[in-house]
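Chain and residue survey
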Amino acid sequence: MSPAPVRRTVSAVRRRIPRRWRIALRRAAAGARPFQTPSVRELCELPAGTPLLVHAGGVTGDRALAGVVRALARLPEFHLALVRDEAERAATQDLIRRAGKARRRIHEVPRPRTVTAAFLASADVGVFGFEPDAGLALLDTYLAAGLRVVAADSRVVREHLAPHRAGDFFAPGSLPSFTRAVERARQRGDEPPAPEEPPVAPIEAGTPGPWRALGTGPVRLGLGTANYAGQLSALAVALTAARADVGIELVMAKPPATYRYPADRYLNYPGEHRLDVQVEQARRVLGWYTHLIVDAFRPVLGRGNGDDISADLPALRRARIKVALLAHGSEIRHPGAHLERHAESAFRDADEDLRERLTTVAERNRRTAEESGLPFFVTTPDLLDDVPFATWAPLIVDVDDWACDRPVLERTRPVVLHAPSKRWTKGTDRLLPRLQELDERRIIELRLVEGLPHHEMRRLVQDCDIVVDQLVMGSYGTFSCEGMAAGKVVVAYVSEGPHRAAGVEPPIANATPSTLVKTIESLLDDRTAAVALAAEGTRYVRDHHDGRRTAEAFDAFLR
């Protein structure tokens, strides 16, 4: 039979023919031996160019495997072959069901009598997790098969792979760490491995800011561990300026490349999964602190209890530490509720997977806040829609650092600045065509900037006339505050209800993407009123966002 009829036959009765027979027919069509032991790629029925990860250790005993499966959503081009025993069939199928949309890219592969290099060689990357029974012999089989190896980080595995100069390592349970390890392995391809970079210390002494150190007062306050946009660093300064009885330790858990903001201690983010780091964190937190502000629901005792604060709370209660929760945005903002409240919600532009992930996080964190009954603070008023039982603790900016005396709206063609950190959260793709239209009509001069360092961004803000921030979230954020501090006219979408509940009326030109052109034209038609709005913004940001009001919000908690 010629190849074409064979392919048509296979396609027509695909669901009725056992997998091994389908493989045999394909081989026959290609002129190969039909009943040779199939490879792992053939059993997955994937073409040669499809990136394939293979996990050939035990399924049920591998503590890292659940994280590997979750991380597959971040690796949309990759498929994963799970080689399992018959006794592991139910556990494997349950694991695949919990993988969401990525389950279509996960393949059950019955374990052959012997897992050989020839069986594995058609894959691209071998995954080695935390399965004690798998043994180092599996690593040797991966290497013999010519696979790049991605392994859960441990001393034994590192030492075993070191002579081969092979292996990319990830922190078990850390999805970003696994994703990066796979991407490194893929980029390496068939090139000889480069010398490994020196390991980063899991805990590093930080560069403290100008706050009072822990132990210099009866209130020993811990802050950690997100420090988004340096807000914890600013809070530490504000609290010690307001209260002489407070000493602070700020711990920041980030990848080393993002150690940008002052902190007393830096935790290399993957290091949070290490037992020695968890023990050290428990010793410091439970033994030293009297108070703790938990930032963004992140765990404070390392990742041994999970990826959020809820499982750390019993230990904190037993240690009689007074705990408060602090949220800034997506960790508590519910996408579905936001879509219902706002006709031009940012979540219209978020992909479905992201909405589902953020929904899970927001619902989990709200449940933690409600069930714990802990004092709860939010940095933007719009979040009061999601958690009306919270207290507004305004975000903090260095007002003097952004201040400038350059007049606004004196240019015939004023400069309008838009600087999105994440486009979908600002509505950039919806508002940009409208700003470009005004620029083309020579009504404004548009400056769109992304990814600039702090000092360059400050220079651009001070040199513009109008700052356009987000138009799709319902509240003003750090960039709006910086614009007001610099004396600029700020345009943003501000939802009235929660700001009224917070007792403020920010001097911001309110707009959505659909009303943006009209709003800017109105500002330019009455420049005197617009200049007065900018001056009012400077007073407003000094009254509410220089740290004093934020310290007042935490005063009762710190007593």
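What you are looking at is a predicted structure, and each value in this text was computed from that prediction instead of being measured.

1. Remarks on the sheet that holds strand β16 (residues 445-448)
Strand order in the open sheet formed by 5 strands is β16-β15-β17-β18-β19, with parallel pairing between adjacent strands. In the strand order of this sheet, the two ends are held by β16 and β19 (509-510), each with one partner. With 3 bridges joining them, strand β17 (residues 466-468) and strand β18 (residues 489-492) adopt parallel strand pairing. Residue pairing across strands places valine 468 opposite valine 491, the latter belonging to β18. Sheet strands in contact with helix α17 (residues 428-440) are β15 (415-418), β16 and β17, and its direction is about 150° off that of β16.

2. Some details on the confidence of the model for the protein
Across the protein, the average pLDDT comes to 88, with 90% of residues at or above 70. In this model, residues 193-197 is a region of pLDDT below 50 whose contacts with residues beyond four sequence positions or in other chains number 8 contacts.

3. Some words on the sheet that holds strand β3 (residues 106-110)
What the 6 strands build is an open sheet, ordered β3-β2-β1-β4-β5-β6; its pairing is parallel. On the outer flanks of this sheet lie β3 and β6 (168-170), each paired with one strand and no other. Looking at each pair of strands side by side, their axes are set apart by 25° on average, direction ignored. Across the sheet, helix α7 (residues 137-144) touches β1 (52-55), β4 (125-128) and β5 (148-152), and the angle it forms with β4 is around 175°.

4. Examining the packing of α17 against helix α21 (residues 516-525)
With their axes 9 Å apart at the nearest point, α17 and α21 run at an angle of 40° to one another. As judged from the angle between their axes, α17 and α21 are oblique. Where α17 crosses over α21, the handedness of that crossing is right-handed. Taken together, the residues of α21 that come into contact with α17 (itself represented by Leu431, Arg434, Leu435, Glu437 and Leu438) are Leu516, Val517, Ile520 and Glu521. Counted by class, the contact of α17 with α21 contains 6 nonpolar, no polar and 3 charged residues.

5. Side note on helix α19 (residues 478-485)
Of all 8 residues in α19, 7 are buried; the element is thus mostly enclosed. Of the residues making up α19, those classed as buried are Phe479, Ser480, Cys481, Glu482, Gly483, Met484 and Ala485. Structurally, α19 contributes buried residues whose contacts are with α15 (399-402), β15, α18 (454-463), β17, β18 and α22 (527-545). Taken from the residues just after α19, glycine 487 is the one with a positive phi, measuring 80°.

The rules we used
Residues numbered from 1 in each chain as written. Predicted model: local features only at pLDDT ≥ 70, side-chain atom pairs only at ≥ 80, totals over all residues. Heavy atoms only, no water. Pairing = 2+ DSSP bridges. Helix = DSSP H or I, 4+ residues; strand = E, 2+ residues; numbered from the N terminus. Contact = heavy atoms within 4.5 Å. Axes fitted to C-alpha atoms, helices over the stretch in contact; angles between N-to-C directions. pLDDT = per-residue confidence, 0-100. Parallel < 35°, antiparallel > 145°, perpendicular 65-115°, else oblique. Left-handed = near helix turned anticlockwise from the far one by under 90°. Nonpolar A, V, L, I, M, F, W, Y, C, P; charged D, E, K, R; others polar. Buried < 20%, exposed > 50% of the residue type's maximum accessible area, 1.4 Å probe, protein only.

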